[in-house]
Structures are given as C-alpha cells and as structure tokens.
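As a plain string of letters, each chain reads:
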Amino acid sequence: LVLIPCEGKDIIVIDMNKEDIDLKFEIEERSEKQSEDVPVIAWGNAYEKDGKIYFTHYYKDLIYEFSLCEKKIVEYKCDFSVGGLAGVLESENGVWIIPKKMDKIIYWNREKKEIEYFVDFPKDYEAGDVSTYKIEIIDNELWLLPRDANMMLVVNEKGHIRKHIVNSPIECIAYDSGFAV
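Because the structure is a prediction, the values reported are computed rather than measured.

## Regarding the sheet that holds strand 1 (residues 2-3)
- One open sheet accounts for three strands, arranged 1-2-3; its pairing is antiparallel. Each end of this open sheet is capped by a strand with a single partner; those strands are strand 1 and strand 3 (20-26).
- When strand 1 meets strand 2 (residues 10-15), the two strands line up antiparallel, connected through two bridges. Bridging across to strand 2, V2 finds its partner in V13.

Quick look at the structure:
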C-alpha cells in the first residue's frame, strides 16, 4: 500500500503482510513560509502506470515519478511556469497536467510527442486562486471539479472546453465521489 498524503512531505509504503511501514520517502523539506497544514503534494489526482506513480507538487512546477521497485523518486521540472500544479492524470492518448490556478490546461499528446495548451475557456469562467478541487477522467473526457473557480469544466482531447451545469448538490457529491450521474 502506497500513501501519498497531500498535507505531508513523505510517501509511506506499508507492507500489508507485515502490517508495518516498509519504506518512507521524503519529498522535500518545508520552507519557513509553509506551515505544517499547507500541502506540498497536490490533491487533484495522480496516476499509476507500469509500476510507477505520477503526482505533482502543489507550489512548484514539478511532476514526480515514484517507483516502488527501484525504491526511488524522480523529479521532472516542467518547462512551463504556472506556479504549482493541482494534479496529473493519464488518458487514453496522453497526460493531462492541471495548474493550481487554471488559466490554461496542459495536455501532453503521446501521438504527436508534444505539449498542447488549451485556453479557450467559457467567457464567464473565473479561475480563482486555486481553481480545482478534483480532476477525473470520465468517458475519455477530463472533468474539473471547482474549488475557487466559478464553474465545473469538461475538456475533450481536441481542446474543447465546456462548462457543466450542476443540477443539484447531490450531483456535485456524486461527481466528487467519482461516480458520474
């Protein structure tokens, strides 16, 4: 079992057979400006592929690759500067990279081997300081549940961004739970 707490700086690997902590990896030391209750790891989402877990840093433009087999963490510095990342998710044809303050949506297209930036937001969209709370892939579309942003967004791999009207609080809870209604 691998635990990657968003309000911590350590990755903890628990050996379920021994019921004990097997490994503990420190992501980074907190700066003097960060209090203990401020997350270092983004809470939006992460993904696993080929025995490696990919996740993002909340305050820096970093994507981490954690390999349990190799017992190491690799840090990838992103070439774009967005001031921190809310999460990363893999889709069928690429990888979505979501900035903390979402003035663009970043998509690494595997087929083209290039990064695409999607910025065609609805006219009444306002990002807020921390735009999203949760990101999910549903039916090969990226769903962005708002935190400070003023609307829920859905994005396809061609870059079309549309707002999703939430009909009730129950629908919002269902999306937050990972169930599309």
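## Regarding the packing of aromatic side chains
- By the definition in use, this model includes seven aromatic pairs.
- Pairing W96 with Y107 gives two aromatic rings, centres 4.4 Å apart and planes at 45°, and the pair type is tilted. With a gap of 11 residues between them, W96 in strand 9 (residues 94-99) and Y107 in strand 10 (residues 105-109) connect regions that are remote in the sequence.
- Aromatic rings pair up to connect W96, Y107 and F118 into one cluster.
- Over the aromatic face of Y58 sits the side chain of K100, whose NZ or CZ is 4.8 Å from the ring centroid.

## Quick notes on unusual backbone geometry
- We note that K113 has phi near 55°; this positive angle belongs to a residue other than glycine.
- Residue classification places K113 among the exposed residues on the basis of a relative accessible area of 61%.
- Of note in the backbone geometry, D139 takes a positive phi value of approximately 55° without being a glycine.
- The residue D139 is located in the loop between strand 12 (132-138) and strand 13 (141-146) in this model.

## Description of the sheet that holds strand 15 (residues 161-164)
- If you walk across this open sheet you meet the four strands as 12-13-14-15, and the pairing is antiparallel. Where the open sheet ends on each side, the last strands, each with one partner, are strand 12 and strand 15. Here the strands of the sheet are splayed against their neighbours by 25° on average, with no regard to which way each runs.
- In this structure, strand 12 lies alongside strand 13, joined through six bridges in antiparallel fashion. Looking across to strand 13, one finds that I137 is bridged to L142.

## A look at the nonpolar core
- Core analysis: the biggest nonpolar cluster contains 19 residues, and I98, I105, L142 and L144 have the highest contact counts within it.
- Elements with a contribution of two residues or more to this core: strand 8 (85-90), strand 9, strand 10, strand 13 and strand 14 (152-155).
- If you look at the next biggest cluster of nonpolar residues, it comprises 12 residues, including F25, I41, L62 and F66.

## Concerning the pairing of strand 2
- Here strand 2 pairs with strand 3 via six bridges, running antiparallel. Across the sheet, residue V13 finds its bridge partner in strand 3, namely L23.

## Brief notes about the pattern of salt bridges
- Within this structure, the stated rule accounts for 10 salt bridges.
- Close ionic contact of K134 with E136 constitutes a salt bridge, the shortest N to O distance being 3.5 Å.
- One network of salt bridges, with partners in common, ties together K49, E90 and R110.

So, how was this worked out
- As a convention, each chain's residues are numbered from 1 in the sequence order in which they are written.
- Given that the model is predicted, a residue must reach a pLDDT of at least 70 before its local features are reported, and side-chain atom pairs must reach 80 or more before they are shown or counted; all residues, however, enter totals for whole chains, interfaces and linings.
- Derived side-chain values reflect all non-hydrogen atoms in the structure, with water molecules and hydrogen atoms excluded from consideration.
- Criterion used throughout: strands pair if DSSP finds at least two bridges between them.
- Strands here are runs of E lasting at least two residues and helices are runs of H or I lasting at least four, both read from the DSSP assignment and numbered beginning at the N terminus.
- Only rings of Phe, Tyr and Trp enter the pairing, Trp through its six-membered ring, and a pair is recorded when the two centres are within 6.5 Å. The plane angle decides the type: under 30 degrees is stacked, over 60 is edge-to-face, the rest tilted.
- Distance and angle both matter: a charge sits over a ring if NZ of Lys or CZ of Arg is within 6 Å of the ring centre and within 35 degrees of the ring normal.
- Any residue under 20% of the maximum accessible area for its type is buried, any over 50% is exposed, and the rest in between are partly exposed; the area is computed with a 1.4 Å probe on protein chains only.
- Only the stretch in contact is used when fitting a helix axis, every axis being a line fitted to C-alpha atoms; angles between N-to-C directions are given from 0 to 180 degrees.
- The criterion is simple. A nonpolar core is a set of buried Ala, Val, Leu, Ile, Met, Phe, Trp, Tyr and Cys residues joined through side-chain atoms within 4.5 Å.
- Think of a salt bridge as a Lys or Arg side-chain nitrogen and an Asp or Glu carboxyl oxygen that are within 4 Å of each other.

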